[in-house]
Structures are given as C-alpha cells and as structure tokens.
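# Chains, contacts and geometry: an overview
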Amino acid sequence: MAAKRRKLGNPLALAVMVLLTEKPMHPYEIAQTLRRRGKDTSLKINYGSLYTVVQNLEKHGFVEVAEVQRQGNRPERTLYGITDAGREEAVEWLSDLLAVPAREFPVFEAALSLIAVLHPDEAARLLGERLAGLEVQAASLRGGLEKLRETLPRLVLIECEYQLHMIDAQAAWVRGFLEELTEGTFPGLEEWRVFHETGEVPEQLRKLEGGKADGP
C-alpha cells in the first residue's frame, strides 16, 4: 500500500498541526514548545521556516487565525488554531507515516554503495572515525533523554528512544564491518586491495557487468 500524496510534505507541518490540537498558539510558542519537548532532535526547527509552514497550512485551510493578542506597546501576536480539515489531515498523514514503510535514501547507505572506490585501509580509517562519532552521538542523546524523562512523559519521547536505538544499531553494524576489514575476514577483501594496487577489476564486478567493468 502506497502512502497518499499530500498537499504539504514537510514533517514540521505535521508537528505544528498535532501541537495545535492541544490549543491555539502563536508561531514562537509553537517553536518553544517543540524544543522544550525535545522535538528538535527529530525535526529541523527555525523560526523563519516555521512561519512559512504556518502560512502554508493556513493557505490550505488546515489552520486558521484564532485570536490576535495586543498588550500595550508590544507587537501584536497572532494565535493559530487547527481547523476540522487540519485535524483530519494530521490524523491521515500520521497514520500513513506509521503504517506504510517508505523507501528512504540515507546518505550513509549511498556512501556504502560506492565504497569500492576507496582503498580498504582508507575505508577502515574513515569508518573508525564514523564509529567514534556515532558513539559520541549516542552518549549525548542518552544523557539528554534521561534529563528529558525527569519532566516529560515517555509518550512524547518515544522518537528519541527510536533515534537512540538506530544510532546504536548503526554503530554495531559499523563495528562489525570494521572488524572484518581490519582482521581480513571480509569476503573479496584481497581482490579489493588488488584493484587499488594494480587497477585489475575484481572478478565479481566483471561478472556483474558482463565482463565490461572498468572500475568500482
């Protein structure tokens, strides 16, 4: 089953609609609430893009002006509330995202698909750097998550748990791949080395290209 094509594709738009189901807010309050709940670990939040997202949501009838507040000489603040159409869109969009696996194209996966152009020793060195970075990310996220748990319910932190799990999983895979490279147990490692030392294309690549391959 394919996900429905939506009028807006920015996940920040979905986050705004979901937040406005609680109460009307102005864009600054929306941004502050998302940050306070740790959503900036999963969403790219900046005020400029947030205002644009709110304007687009209003354009499509998903949110509407609920109130304009004026306090003395301070600039007026426009509060936005979600419409019935917005509630329906938010529920349908979120349901699609949860139920329908989408084919994504992570840049690390793309890099792995082209790794043969690097000498295996260089690949191992770079993967070692990545592993160190992943371990730092995991430690930082784990500490931040523990702090957020002091004030926030688990329900609003489950995406942080997932993110931490995915970082740990990637680190475990990189660690295993790196061990194969450094210990010499990776299948075809010698052919990979020979290619970089002599220019001779590995047999498995020649077979894939029908004997016409001239590079990784």
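Residues numbered from 1 in each chain as written. Predicted model: local features only at pLDDT ≥ 70, side-chain atom pairs only at ≥ 80, totals over all residues. Heavy atoms only, no water.

### Topic: the overall build of the chain
- Secondary structure assignment for the chain yields 9 helices and 2 strands.
- Reading the helices (α) and strands (β) of the chain from amino to carboxyl end gives α-α-α-β-β-α-α-α-α-α-α.
- Here the C-alpha atoms of the chain give a radius of gyration of 24 Å, more than 25% beyond the 17 Å that 2.2 N^0.38 yields for 216 residues.
- Dimensions along the principal axes, computed over C-alpha positions, put the chain at roughly 75 × 40 × 35 Å.
- Expressed as a percentage of its 216 residues, the buried residues of the chain come to 32%. (Helix = DSSP H or I, 4+ residues; strand = E, 2+ residues; numbered from the N terminus. Rg over C-alpha atoms; globule rule 2.2 N^0.38 Å. Buried < 20%, exposed > 50% of the residue type's maximum accessible area, 1.4 Å probe, protein only.)

### Topic: the side chain of Thr-83
- When you line up the elements, Thr-83 lands in the loop between β2 (77–82) and α4 (84–99).
- For Thr-83, the side chain forms a polar contact with the main-chain oxygen of Gly-61, separated by 2.6 Å.
- Each residue touching Thr-83, except ones within four places of it in the same chain, is listed here: Gly-61, Phe-62, Val-63 and Glu-64. (Polar contact = N/O pair within 3.5 Å; in protein donor to acceptor, adjacent residues only side chain to side chain. Contact = heavy atoms within 4.5 Å.)

### Digging into the nonpolar core
- Counting residues in each nonpolar core, the largest one holds 25 residues, and the members touching the most others are Leu-12, Val-16, Met-17, Leu-20, Ile-30, Leu-34 and Leu-57.
- Only α1 (11–20), α2 (27–36), α3 (47–59), β2 and α4 provide two or more residues apiece to this core.
- In terms of residue count, the dominant contributor to this core is α1 (8 residues).
- Apart from the residues within four sequence positions on either side, Ile-30 is in contact with Val-16, Leu-19, Leu-20, Met-25 and Leu-50. (Core = buried A, V, L, I, M, F, W, Y, C linked by side-chain atoms within 4.5 Å.)

### Thoughts on a negative patch on the surface
- A contiguous patch of negative charge, built from Glu-58, Glu-64, Asp-84 and Glu-88, is present on the exposed surface.
- Note on placement: Glu-64 falls in strand β1 (residues 63–69). (Patch = residues over 30% accessible without salt bridge, like charges linked within 9 Å, V, L, I, M, F, W, Y side chains within 5 Å. Areas by Shrake-Rupley, 256 points an atom, 1.4 Å probe, with all protein chains shown as cover. Salt bridge = Lys/Arg side-chain N within 4 Å of Asp/Glu carboxyl O. Lys, Arg positive; Asp, Glu negative; His and termini not counted. Charge placed at Lys NZ, Arg CZ, Asp CG, Glu CD.)

### Looking at the environment of Arg-142
- Note that Arg-142 resides in helix α6 (residues 120–148).
- The class for Arg-142 is partly exposed, based on a relative accessible area of 33%.
- In this structure the C-alpha to C-alpha distance between Arg-142 and Val-18, which are 124 residues apart in sequence, comes to 26 Å.
- Among all residues touching Arg-142, those that are not within four sequence positions of it are Leu-164 and Asp-168.

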